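Below are the chains, spelled out letter by letter.
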Amino acid sequence: MQLPFTDEEAVYRFYKTYAMMHGFAVRLDEVRRDSDGSVIMRQIVCNRAGFRKEEVEGPPTLTRSCCRVRIRARLDTKIQKWKVVSFYEEHSHELVAPLDVSMMPEYCTFSVSDKAQAKNLHDIGIRTCHILGYLAAQKGGYVDLSFNQKDMYNLITQHRNEKVKGGDANAAISYLRGKVGNESYFFGKFTLSNENRLENLFWADGTSHIDYECFGDVLTFDSTYNRNVYNKPLVIFSGSNHHGQTVIFGCGLLVNEDIGSYKWLLETFFGSNGENACEKVKNSGFLNDFKKLIYANVSVEEFQVMWTTSHCEGINSLIKAYVRKKDTLLEFINNMETVVSHYRNNERVAEFNSKYTDPVLVTSLPTLEDFAAKTFTHNMFREVRKEIEGACAMTSSVTVLEC
């Protein structure tokens, strides 16, 4: 008894499933239509049917071998069902083993879950090769993936292109405008050239403004980062919080490193925050180090290295981890937001530890040490304890001398 099909598409789905189970792929072939243009007959063949024309440039491997495997189905107008009228199953080539079928281009597919995971991982700065490895590990190995490396790269490329329709710069500006409209105190500003091309760009969210108000007494302004597809200088405004950790006050991209661009960026930064960095620095250790730099017999280049290296190396290493050289401008902004989120999570962890855990007292001045432990954050307390330990050592020396 022949198995009837509801329509032409049902025939194709059935034969494609049959082909996948038997190690070959199929393609649509001959078709016939009635006087109204409706399809009444369809032939589906093995994808290696026919032969390759010598004069046509094709792929480096032979894809046609005159295979005669096919199925032909016709519409039975009496019952309005499709029936198979011809079926040939002897191939002229070797069939693909079941474990290797997933490597055939015709059967490389992404599930909704895999596609969503891949896009989300890309959006937070994970490299495509690592995304592929992660999904393979989820499924027990590469052999169980229903797609290959080329498919993954094509998916990510398509995803990137969809995000920047209308131009990369326009997508980035639209994104920042959306942030301004949806987030309180988010600030974004840019300049355009006479040709209406993006030149300079600055952005900072509300938390960055609050951090600047709290910790902006010492400001690091660094433009040594240059990790973006347009080779625009990246400028990061940063400082240190009450845990001694890095905080980001804002980010900027400049068209070049001329005086006009830096003047615009600095005016924009200080204008967005409403006040300048404080001139008074209360940390005596910092003042001593600062004086050493000011009066040291070093060149301008050596001074710049000594001044920026200690604070900025950590930022630079984190940028390398999350920001890719080939990122679009929108991806670059998104990944810089991930970098900022990383620092804020570090602060959150340090804040929790300072609030809800107590350090062990180890010096011979427990009352003073306990007062310091309750006054300072844990990270700062460790620095203060060094001074307490120094005082304890001096007391011990005096006692020995008196004896």
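Here's what I pulled together on the structure shown here. (Residues numbered from 1 in each chain as written. Predicted model: local features only at pLDDT ≥ 70, side-chain atom pairs only at ≥ 80, totals over all residues. Heavy atoms only, no water.)

Across its full length, the chain carries 12 helices and 9 strands. Across the chain, every contact between residues at least 6 apart in sequence was considered, and the portion connecting residues at least 24 apart equals 55%. Looking at the chain as shown, the accessible area adds up to about 24700 Å², and 54% of this sits on carbon and sulfur atoms. (Helix = DSSP H or I, 4+ residues; strand = E, 2+ residues; numbered from the N terminus. Contact = heavy atoms within 4.5 Å. Areas by Shrake-Rupley, 256 points an atom, 1.4 Å probe, with all protein chains shown as cover.)

This part covers the packing of aromatic side chains. Applying the stated criterion across every chain, the model contains 17 aromatic pairs. Pairing Tyr-18 with Phe-24 gives two aromatic rings, centres 6.2 Å apart and planes at 80°, and the pair type is edge-to-face. Under the relative-accessibility criterion, Phe-24 is labelled buried at 2%. Between Phe-352 and Tyr-356, the ring centres sit 5.1 Å apart and the planes meet at 50°, which makes this aromatic pair tilted. One end of the pair, Phe-352, and the other, Tyr-356, are both in helix α10 (residues 329–356), 4 residues apart, so they sit about a helical turn from each other. By the ring-pair criterion, three or more aromatic residues cluster together here, those being Phe-187, Phe-202, Tyr-212, Phe-221, Phe-237, Phe-249, Tyr-262, Phe-269 and Phe-270. For the cation-ring pair, Arg-68 lies above Tyr-88, with the distance from its terminal atom to the ring centre recorded as 5.1 Å. (Phe/Tyr/Trp six-rings, centres within 6.5 Å; stacked < 30°, edge-to-face > 60°. Buried < 20%, exposed > 50% of the residue type's maximum accessible area, 1.4 Å probe, protein only. Lys NZ or Arg CZ within 6 Å of the ring centre and 35° of its normal.)

All right, on to the nonpolar core then. Nonpolar side chains tend toward joint burial in soluble globular proteins. Trp-203 and Met-336 are the most contacted members of the largest nonpolar core, which has 23 residues in total. Broken down by element, the residue count for this core peaks at 7 residues, all from α10. In this structure Met-336 touches Trp-203, Leu-234, Ile-236, Cys-251, Ile-319 and Val-323, once residues within four positions along its chain are discounted. (Core = buried A, V, L, I, M, F, W, Y, C linked by side-chain atoms within 4.5 Å.)

Now for the side chain of Asp-211. Along the chain, Asp-211 falls in helix α6 (residues 206–215). It is Arg-344 that comes nearest to the buried, bridge-free Asp-211 among opposite-charge side chains, at 4.4 Å. In this structure, Asp-211 is in contact with Gly-216, Val-247, Phe-249 and Arg-344, ignoring residues within four places of it in sequence. (Lys, Arg positive; Asp, Glu negative; His and termini not counted. Salt bridge = Lys/Arg side-chain N within 4 Å of Asp/Glu carboxyl O.)

Moving on, we come to helix α11 (residues 366–375). Taken together, the buried positions of α11 are Glu-369, Ala-372 and Ala-373. One side of α11 carries all its buried residues, which in axial view fall inside an arc of 100°. Opposite the buried face of α11, by more than 90 degrees, sit the exposed residues Thr-367, Phe-371 and Lys-374. (Arc of directions from axis to C-beta.)

Our next topic: the sheet that holds strand β3 (residues 70–76). Ordered in space as β1-β2-β3-β4, the 4 strands form an open sheet in which the pairing is antiparallel. Pairing within the sheet leaves two strands with one partner each, and these edge strands are β1 (26–33) and β4 (81–88). Across the sheet, the mean angle from the axis of one strand to that of its neighbour is 20°, orientation sign disregarded. (Pairing = 2+ DSSP bridges. Axes fitted to C-alpha atoms, helices over the stretch in contact; angles between N-to-C directions.)

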